[in-house]
Amino acid sequence: MVDVGQKPISQRSAIAVGTVLMQPATIALIKSGGHKKGDVISVARIAGIQAAKKCADLIPLCHSLALSNIRVDFEITDSGVNIEAECSLADRTGVEMEALTAVSVAALTLFDMCKAVDKTMIITDVRVIKKTKEHV
């Protein structure tokens, strides 16, 4: 692990995004709330939040962080579900990995919950779109 002990504490945030492409029938099922497994968006949101909090347990050499905020949002489109996660904290290291992990696990949760009704889903374009760092 990289030693960040001498770095100053700063307010940091990161936003990551990703998309799960799926068939129109799967999108309609999610929108209607008629999925047999329940509200897939709510379950995926909780999974993303939990994943961000457990990032250091999943990614070797990743610092364990006390996140002050985790936001996981979804936009249902004509081609699938867009996911956006933002993580923030005041600490000595960034939160890109936590935001990426939140998006990835939220996407995997959507995939898992819908795989029985859609064999063509694709998880794509997972990336960081914004990082901020402001000295406290």
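Now for a quick tour of the structure. From a predicted model like this one, the values you see are computed outputs, not experimental measurements. (Residues numbered from 1 in each chain as written. Predicted model: local features only at pLDDT ≥ 70, side-chain atom pairs only at ≥ 80, totals over all residues. Heavy atoms only, no water.)

Examining the overall build of the protein chain
Summing up its helical and strand segments, the protein chain has 4 helices and 4 strands in all. Listed by position from the N terminus, the elements making up the protein chain come as β-α-α-α-β-β-α-β. Projected onto its principal axes, the C-alpha positions of the protein chain cover 55 × 25 × 20 Å. Per-residue burial over the protein chain gives 40% buried out of 136 residues. Within the protein chain, contacts between residues separated by at least 24 positions form 76% of all contacts whose residues are at least 6 apart in sequence. Carbon and sulfur atoms provide 54% of the accessible area of the protein chain, an area that totals close to 7,500 Å². (Helix = DSSP H or I, 4+ residues; strand = E, 2+ residues; numbered from the N terminus. Buried < 20%, exposed > 50% of the residue type's maximum accessible area, 1.4 Å probe, protein only. Contact = heavy atoms within 4.5 Å. Areas by Shrake-Rupley, 256 points an atom, 1.4 Å probe, with all protein chains shown as cover.)

Re helix H4 (residues 96-114)
In a regular helix each residue adds 1.5 Å, so 19 residues correspond to 27 Å; H4 covers 27 Å between its end C-alpha atoms and thus fits that length. Listed in full, the buried residues belonging to H4 are Glu98, Ala99, Leu100, Thr101, Ala102, Val103, Ala106, Ala107, Thr109, Leu110, Met113 and Cys114. (Expected span 1.5 Å × (residues − 1).)

Things to note about the sheet that holds strand E4 (residues 122-135)
Overall, antiparallel pairing links the 4 strands, which are arranged E2-E3-E1-E4 in an open sheet. Every other strand in the sheet has two partners, leaving strand E2 (69-76) and E4 as the edge strands with one partner each. Ignoring which end each strand starts from, the neighbouring axes of this sheet average 15 degrees apart. Of the strands in this sheet, E2 and strand E3 (80-91) are in contact with helix H2 (residues 40-53), which crosses E2 at around 145 degrees. Packed on one face of the sheet, H4 meets strand E1 (10-21), E2, E3 and E4 and runs near 150 degrees to E3. (Pairing = 2+ DSSP bridges. Axes fitted to C-alpha atoms, helices over the stretch in contact; angles between N-to-C directions.)

Notes on the side chain of Thr19
Here Thr19 is to be found in strand E1. Thr19 gets classed as buried once you look at its relative accessible area, which sits at 14%. Of the polar contacts made by the side chain of Thr19, one reaches the side chain of Asn82; its length is 2.9 Å. When neighbours within four sequence positions are excluded, Thr19 is seen to be in contact with Val81, Asn82, Ile122, Ile123 and Thr124. (Polar contact = N/O pair within 3.5 Å; in protein donor to acceptor, adjacent residues only side chain to side chain.)

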